[in-house]
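Here are the chains, one letter per residue:
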Amino acid sequence: GHFPGVVVDQVFPIEKIRSCFPSLERTVGGRKAVFFDGPGGSQVPSSVTEAMSDYLLRSNANTGMSFETSLETDELISETLQSCADFIGYNDPTEIVFGQNMTSLNFQLASALSRTWEPGDEVVVTRLDHDGNVGPWSLAAEWSGATLRKIGIRPEDCTLDMESAHETITERTVLVAVGAASNLSGTINDVKRIIEIAHGVGAEVVVDAVHYAPHSLIDVSDLECDFLLCSPYKFFGPHQGILWGKKDRLEELPVAKLRVATEELPFRWMTGTQSHEGMAGTKAAIEHIAWIGREYSGNPELSRRDAIIEAYDAIEQYERGLFLRMLEGLEGIEGLKIWGITEPNRISERAPTVSFTHPSLSAKEIGRRLAERGVFVWAGNFYALELTEALGLEPEGVLRAGLLHYNSLEEVDYFVESVAEILG
């Protein structure tokens, strides 16, 4: 009973928010489905699909001509780049690159950076990261003859071992790739500290903010990282990837592009025709988050960035209330092991994503039985292979439930009861 009375934010407009997401009306076996699969991809509000449909039905064209639909497409692209700049806290839209997904963009970035490295250089990744921020760097190191090194973890709470970080990042380090939050243990890393250490030895830092973006405010001006990636399909948008990079680096890196393609930023990084409808959807997803900030603060006049800041204040507070309730419930289940931070007073050091195992049933089997009850969760390693290997959790993996701002207290209670019955 070390949980203080869990209070869920009463001002948070949860009913209004839920009504934006038609998918939440789905029923399984006569009751509403519970979407705790958000870490694998979030649900989408109707404003996002309307923006995409509207673009495809009314303005669909390729870019760069003087006819109306082409001009409207150019306008959409520049508006979306600006909204992404507002989203990550940096005002220059020419530093935003769109792509198919985070992994493809990271391979593109790794391939460009690898051409600037040589044998003797060292590239540092962590054992807490998703493979999308490990695999590309391990290949890039191989291509350039550089050496790959890994920052270890503390298994007891699935946090980065900062002593290991200090030992691993040296004068030979050219790049450090680190996740803002773990998609398995929920751990929010002290990225600022890692960036300070890396910049202290002249290394660049790539931050994977995919799991972090739906839960907490991204502020690259404050972080001072060199590159950051995130995925709109994790924050209520379509399947897309976003890369932000420092202008001088995006301008000079040897990126693979066609002879006919422009050298202008950010377009020298965008190979071929982009998903314009994806951009329309991404812009709408960011607007959805800004709308929450305006609703919550009661101030419809807030600028987009200010509204986003308000929204994440509200989202963090609301999700933490739900998450404390979930932790409290799960900790009451005999034999259940939660991987990651569980102390309520350290709740700000993690995202509301919980992974657990139980000796009596495999994660996959628990997941299957929850699915029958209409609870949608993931089992496996979710590509956080470094972590599951380090914790000795292969090949079974863990069961993962992730909360998002559209989830409710009732869903949390039903989930905990269901897990208790399945394992009881």
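Here the structure is shown first, and the text comes after it.
All of these numbers come straight from a predicted model, not from anything done at the bench.

Scoring rules and cut-offs
- Residues numbered from 1 in each chain as written.
- Predicted model: local features only at pLDDT ≥ 70, side-chain atom pairs only at ≥ 80, totals over all residues.
- Heavy atoms only, no water.
- Helix = DSSP H or I, 4+ residues; strand = E, 2+ residues; numbered from the N terminus.
- Rg over C-alpha atoms; globule rule 2.2 N^0.38 Å.
- Buried < 20%, exposed > 50% of the residue type's maximum accessible area, 1.4 Å probe, protein only.
- Contact = heavy atoms within 4.5 Å.
- Areas by Shrake-Rupley, 256 points an atom, 1.4 Å probe, with all protein chains shown as cover.
- Lys, Arg positive; Asp, Glu negative; His and termini not counted.
- Charge placed at Lys NZ, Arg CZ, Asp CG, Glu CD.
- Pairing = 2+ DSSP bridges.
- Axes fitted to C-alpha atoms, helices over the stretch in contact; angles between N-to-C directions.
- Salt bridge = Lys/Arg side-chain N within 4 Å of Asp/Glu carboxyl O.
- 1 Å grid on protein atoms, 1.4 Å probe; cavity = no way out; pocket = protein on both sides within 12 Å on 5 of 7 lines; lining within 4 Å.
- Points joined across faces, edges and corners; volume = space filled by probe spheres on them.
- Nonpolar A, V, L, I, M, F, W, Y, C, P; charged D, E, K, R; others polar.
- Phe/Tyr/Trp six-rings, centres within 6.5 Å; stacked < 30°, edge-to-face > 60°.
- Core = buried A, V, L, I, M, F, W, Y, C linked by side-chain atoms within 4.5 Å.

**Some remarks on the overall build of the protein**
Across its full length, the protein holds 14 helices and 17 strands. By the compact-globule yardstick of 22 Å for 424 residues, the protein fits well, its C-alpha radius of gyration being 22 Å. Taken along the three principal axes of its C-alpha coordinates, the protein extends 65 × 55 × 35 Å. Sorting the 424 residues of the protein into buried and exposed places 58% on the buried side. The long-range fraction of contacts in the protein, counting pairs at least 24 apart against all pairs at least 6 apart in sequence, stands at 70%. About 17300 Å² of surface is accessible on the protein, with carbon and sulfur atoms providing 49% of the total. With 35 positive and 64 negative side-chain charges, the protein shows a separation of 3 Å between the mean positions of the two kinds.

**Overview of the sheet that holds strand β10 (residues 204-208)**
What the 7 strands build is an open sheet, ordered β4-β12-β11-β10-β9-β5-β6; its pairing is mixed. Two strands bound the open sheet, and with one partner strand each, they are β4 (96-99) and β6 (147-151). Going across the sheet, the axis of each strand differs from the next one's by a mean of 20°, ignoring polarity. Here strand β5 (residues 122-126) runs beside β6; their pairing, made up of 5 bridges, is parallel. Bridge pairing in β6 links Thr 126 to Ile 151. Against the sheet, helix α3 (residues 68-88) contacts β4, β11 (227-230) and β12 (241-245), and its axis sits at roughly 110° relative to β4.

**Notes on the pattern of salt bridges**
Throughout the structure, instances matching the rule amount to 31 salt bridges. Arg 154 is paired through a salt bridge with Glu 156; the nearest N and O atoms lie 3.1 Å apart. The exposure class of Arg 154 is partly exposed, given its relative accessible area of 33%. Two residues, Glu 372 and Arg 368, come together in a salt bridge whose shortest N-O distance is 2.7 Å. Here Arg 368 and Glu 372 lie together in helix α12 (residues 363-372), a separation of 4 residues that amounts to about one turn.

**So, empty space enclosed by the protein**
Within the structure shown, the criterion is met by 2 cavities of 30 Å³ or more. There is about 80 Å³ of room inside the largest cavity. As for the largest cavity, its lining consists of Ile 188, His 215, Ser 216, Glu 316, Glu 319, Arg 320, Phe 323, Ile 347, Arg 350, Ala 351 and Pro 352. Class assignment for the residues of the lining of the largest cavity results in 5 nonpolar, 2 polar and 4 charged. Considering only enclosed or pocket space, the second largest cavity measures out at about 30 Å³ in volume. Considering the residues around the second largest cavity, the lining is formed by Gly 38, Pro 39, Val 210, His 211, Pro 214, His 215, Lys 234 and Leu 404. Along the lines of polarity and charge, the residues of the lining of the second largest cavity split into 4 nonpolar, 3 polar and 1 charged.

**Considerations on the packing of aromatic side chains**
Counted according to the given criterion, the structure contains 10 aromatic pairs. Pairing Phe 21 with Tyr 406 gives two aromatic rings, centres 4.8 Å apart and planes at 55°, and the pair type is tilted. Here Tyr 406 lies in the loop between β17 (398-402) and α14 (409-423) and Phe 21 lies in the loop between α1 (14-18) and β1 (27-28), a separation of 385 residues in the sequence. The same class applies to Phe 21 as to Tyr 406, namely buried. On the numbers, 6.1 Å between centres and 70° between planes, the contact of Phe 236 with Tyr 406 is edge-to-face. Highlighted residues: Phe 236 in the loop between β11 and β12 and Tyr 406 in the loop between β17 and α14, separated in sequence by 170 residues. Exposure class is identical for Phe 236 and Tyr 406. Each is buried. Among the aromatic residues, those joined into a cluster by ring pairs are Phe 21, Phe 236 and Tyr 406.

**Overview of the side chain of Ser 164**
Its location among the elements puts Ser 164 in helix α6 (residues 162-168). Ser 164 sits in the buried class, given a relative accessible area of 12%.

**Topic: the nonpolar core**
One finds Phe 87, Trp 137 and Phe 415 to be the most contacted residues of the largest nonpolar core, which totals 139 residues. Per-element tally for this core: the top contributor is helix α11 (residues 304-331), with 13 residues. If we skip the residues at most four places from it in the chain, Trp 137 touches Asn 106, Leu 109, Ala 110, Leu 113, Trp 117, Val 123, Val 125, Leu 148, Leu 175, Ala 177 and Val 206.

**Things to note about the environment of Ile 286**
One can find Ile 286 in helix α10 (residues 276-297). Taking relative accessible area as the criterion, Ile 286 reaches 0% and is therefore assigned buried. For the pair Ile 286 and Gly 237, spaced 49 residues apart in sequence, the C-alpha to C-alpha distance is 8.1 Å. In this structure Ile 286 touches Ser 83, Cys 84, Phe 87, Phe 235, Arg 304 and Ile 308, once residues within four positions along its chain are discounted.

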